[in-house]
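Per-entry structural report
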Amino acid sequence: MSIQFTEDRWDRIRESARLWWQGQLDRPLIQVRLSNADPLRDEPDIPFHDFTSFYDLSVSADRIIDRWDYDLSATRFYGDAFPHVRPNFGPGVIAAFMGAKLENGLETVWFHPLGDVQLNELTFQYQTDSVWFKRIIDLIRACEARWGGMVQIGLTDLGGNLDILSSFRTPEQLIYDIIDSPREVERLLWEAHDTWWRYADAFNDEARTFNPGYTCWTPLYSEDPYYMLQCDFCYMIGPDMFERFVRPELAATVNRLGNAFYHMDGIGQIPHLEYLLSIEELKGIQWVPGDGRADVAHWPGIYSKIQSAGKLTQLFSDQCDDTDKYEILDILGDQTGTVNNIAYILDADISEIDKAMRLLEKFGVSP
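Please read these numbers as outputs of a predicted model, since none were measured by experiment.

**With respect to the pattern of salt bridges**
In this structure the tally under the stated criterion is 23 salt bridges. As a salt-bridge pair, Asp-11 and Arg-14 come within 3.3 Å of each other at their nearest N and O atoms. One end of the pair is Asp-11 and the other is Arg-14, both in helix α1 (residues 7-21) and 3 residues apart, which spans about a single turn. Look at Arg-14 and you get buried, because its relative accessible area is 18%. What emerges from the salt-bridge pattern is a single network uniting Arg-41, Asp-66, Asp-69 and Arg-146.

**Some remarks on the layout of surface pockets**
Unoccupied space between atoms shows up once a probe the size of one water molecule is rolled over them. In this model, the largest pocket occupies a volume close to 1600 Å³. Residue lining of the largest pocket: 44 residues in total, with Asp-50, Arg-86, Trp-217, Phe-316 and Asp-318 positioned closest to the centre. Tallied by class, residues from the lining of the largest pocket come to 18 nonpolar, 12 polar and 14 charged. Within this model, the second largest pocket holds a volume of roughly 440 Å³. For the lining of the second largest pocket, the secondary-structure elements that each account for two or more residues are β5 (109-112) and α5 (161-169). Of the residues belonging to the lining of the second largest pocket, the class tally is 9 nonpolar, 7 polar and 2 charged.

**A few points about the side chain of His-272**
Take His-272: it is sitting in the loop between β8 (259-265) and α10 (273-277). Leave out the neighbours within four places in its chain, and His-272 touches Cys-234, Ile-237, Gly-238, Pro-239 and Phe-242.

**Describing the packing of aromatic side chains**
In the structure shown here, the tally under the stated rule is 23 aromatic pairs. Ring centres of Phe-133 and Phe-203 lie 5.2 Å apart, and the angle between their planes is 35 degrees; this geometry places the pair in the tilted category. Note that Phe-133 is positioned in helix α4 (residues 131-147) and Phe-203 in helix α7 (residues 182-207), a separation of 70 residues in sequence.

**Focus: the side chain of Asp-163**
Topologically, Asp-163 is positioned in helix α5. Despite its burial, Asp-163 remains without a salt bridge, the nearest opposite charge being carried by Arg-86 at 13 Å. A distance of 2.7 Å separates the side chain of Asp-163 from the backbone nitrogen of Phe-233, its partner in a polar contact. The residues contacting Asp-163, other than those within four sequence positions of it, are Gln-230, Cys-231, Asp-232 and Phe-233.

**Re the state of the cysteines**
As enumerated under the stated definition, the model contains 0 disulfides in all. Cys-216 provides the cysteine sulfur closest to Cys-143, a residue in no disulfide bond, and the two sulfurs are 16 Å apart. Residue Cys-143 is classed as buried on the basis of its relative accessible area, which comes to 1%. Counting only cysteine sulfurs, Cys-234 is the nearest neighbor of Cys-231, a cysteine outside any disulfide, at a range of 4.3 Å.

**Concerning the sheet that holds strand β9 (residues 282-288)**
What the 7 strands build is an open sheet, ordered β2-β1-β11-β10-β9-β8-β7; its pairing is mixed. Every other strand in the sheet has two partners, leaving β2 (76-79) and β7 (226-230) as the edge strands with one partner each. If you compare each strand with its neighbour and ignore which way they point, the axes differ by 20 degrees on average. The sheet strands contacting helix α11 (residues 300-308) are β8, β9 and β10 (312-316), and the helix crosses β10 at an angle near 140 degrees.

The rules behind each value
- Residues numbered from 1 in each chain as written.
- Predicted model: local features only at pLDDT ≥ 70, side-chain atom pairs only at ≥ 80, totals over all residues.
- Heavy atoms only, no water.
- Salt bridge = Lys/Arg side-chain N within 4 Å of Asp/Glu carboxyl O.
- Helix = DSSP H or I, 4+ residues; strand = E, 2+ residues; numbered from the N terminus.
- Buried < 20%, exposed > 50% of the residue type's maximum accessible area, 1.4 Å probe, protein only.
- 1 Å grid on protein atoms, 1.4 Å probe; cavity = no way out; pocket = protein on both sides within 12 Å on 5 of 7 lines; lining within 4 Å.
- Points joined across faces, edges and corners; volume = space filled by probe spheres on them.
- Nonpolar A, V, L, I, M, F, W, Y, C, P; charged D, E, K, R; others polar.
- Contact = heavy atoms within 4.5 Å.
- Phe/Tyr/Trp six-rings, centres within 6.5 Å; stacked < 30°, edge-to-face > 60°.
- Lys, Arg positive; Asp, Glu negative; His and termini not counted.
- Polar contact = N/O pair within 3.5 Å; in protein donor to acceptor, adjacent residues only side chain to side chain.
- Disulfide = S-S within 2.5 Å.
- Pairing = 2+ DSSP bridges.
- Axes fitted to C-alpha atoms, helices over the stretch in contact; angles between N-to-C directions.

Take a look at the structure:
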């Protein structure tokens, strides 16, 4: 295998992650992934697509896995990083499993309702006959055949439950639904909750016998079930609506996960931060300021609130728009007093290996 990783490395990943989730690591979790290294193998004849749905269905799962293998082989993993892939069919792909149309855009995936269905006629049921559900199962099985347990397979981006509902009603219509028919919205929200868990269990069960652990689109490794939860729709609602329509279902899901994070995307979600921090079993918050906003070095108040609540946090190096990605941990440490609650995922070119090694050394992370 040309992927530069070993079972001994997995032992270290498990131990460091276990301590970090428990708040006992005494340093930040730092994943360093350096690209454009020598892959030590030939490049496949298909390109890499971030969205797996961009591949025509005539392209076999084995060929897609071979492309993933090539890209992993051209990556070097240091510190707490590990080889990881995920079937990416867009955030909220459950909608496509249940009948919504999946549309590939230029750089994203959209979901649209098929026809005009009245709110009181809409229902969500677990279905496995979707071409997209079957595609994900095929990809998981191809991963097992190719790598065994050496590469972590992340859970596809199932989406948030109000986001799934908005794929059938549109976000604008869902606002009116919440006002005009709140009980119908709550009924569908809990139906979505039940189907969300059935799909999550189906995919996790398929990979359980060989997967090193659990992860998703944010590759935080966890030995216990983990997911990066979200509700992008709540950008459009106030705290009262959040408390009624988001927090109860979110808390129920958090309580079923061993390690749960929340993807807080954009300043419109800041009014909900206190409600999120009040969910006792929620382990952490991933703060994303949003396009056109100051980068992650400029939000000490949010990071301090997360830390004061005893929660973990996570950020990517590509969130450092005008900040040196090798200095961001020092900046956050100066602002909040510690970086031990942070998981930092740094992506860089292999030519920056010396800088990356100095960063790991500074924080006591074995390369």
